[in-house]
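Structural overview
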Amino acid sequence: MMPWTLSEEDLLRGECLWSQGLCLYPGDKQNVLLGSLVIFAIFVTLCNASCYFIPNERVPGDSTRECMDLEGNKHPINSKWQTDNCETCTCYKTEISCCSLVSTPVGYDKDNCQRIFKKEDCKYIVVEKKDPEKTCSVSAWII
């Protein structure tokens, strides 16, 4: 065996290749996998925080290829549209998925600044209360 390689038995005993910067112990693979799954779960939770789903009501024998949104409008399967409430929606066979397009500012000087929603652009701006022509800096947004 080459001096810079480790066998599987060496790894199971906790042997290290310090010169190569490699040191694996039994259970490391499971810990890395578990950590990755936790990060993935947090990411998915945050990403889906501003979305909701509407199940498609199907009547047996009905071959309709469309969805009906909350306002009663019909949309073809696999179509996308933007609502008046600044959401983007997609029609799937089993559901409609809608997600907000709006990011909400939260990290700004609330004593001296105010947020104003611009519906035509689906976004907030943050301006000074005393002089609304001046914008305020924002350090954090919620999506």
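Conventions and cut-offs
- Residues numbered from 1 in each chain as written.
- Predicted model: local features only at pLDDT ≥ 70, side-chain atom pairs only at ≥ 80, totals over all residues.
- Heavy atoms only, no water.
- UniProt positions renumbered as here; feature names shortened; annotations may be inferred.
- Helix = DSSP H or I, 4+ residues; strand = E, 2+ residues; numbered from the N terminus.
- Core = buried A, V, L, I, M, F, W, Y, C linked by side-chain atoms within 4.5 Å.
- Buried < 20%, exposed > 50% of the residue type's maximum accessible area, 1.4 Å probe, protein only.
- Salt bridge = Lys/Arg side-chain N within 4 Å of Asp/Glu carboxyl O.
- Pairing = 2+ DSSP bridges.
- Axes fitted to C-alpha atoms, helices over the stretch in contact; angles between N-to-C directions.
- Phe/Tyr/Trp six-rings, centres within 6.5 Å; stacked < 30°, edge-to-face > 60°.
- Lys NZ or Arg CZ within 6 Å of the ring centre and 35° of its normal.

The name given to the chain in an unreviewed UniProt entry is Beta-microseminoprotein, with Pongo abelii as the source organism. UniProt, in its Sequence similarities (unreviewed entry) section for the chain, records the words "Belongs to the beta-microseminoprotein family." Taken verbatim from the UniProt record of the chain, the Subcellular location (unreviewed entry) comment is "Secreted".

**Description of the environment of Asp84**
Relative to the elements of secondary structure, Asp84 occurs in the loop between β6 (80–82) and β7 (87–91). On a C-alpha basis, the gap between Asp84 and Glu120 in space is 9.2 Å, while along the polypeptide they are 36 residues apart.

**Remarks on the nonpolar core**
Judged by nonpolar contacts, Ile54, Cys67, Ile77, Trp81, Cys89, Cys91, Ile96 and Cys98 together constitute the single largest core of eight residues. Going through the elements one at a time, β7 and β8 (95–100) are the ones with two or more residues in this core.

**A few points about the pattern of salt bridges**
In the structure shown here, the tally under the stated rule is one salt bridge. For Glu66, the salt bridge identified is with Lys74, shortest N-O distance 3.6 Å. Using a relative accessible area of 52% as the deciding quantity, one classes Lys74 as exposed.

**Comments concerning the sheet that holds β7**
Strand order in the open sheet made by the four strands is β3-β8-β7-β6, with antiparallel pairing throughout. In this open sheet, the two strands that pair with only one neighbour each are β3 (51–55) and β6. This sheet shows a mean twist of 20° between the axes of neighbouring strands, independent of strand direction. Note that β3 and β8 share five bridges and pair antiparallel. Bridge pairing in β8 places Ile54 opposite Ile96.

**Points about the packing of aromatic side chains**
Considering all chains together, one arrives at one aromatic pair under this definition. The aromatic ring of Tyr108 is capped on one face by Lys110, whose charged end is 4.7 Å from the ring centroid. Directly above the aromatic system of Tyr124 lies the positively charged group of Arg115, at a separation of 5.1 Å from the ring centroid.

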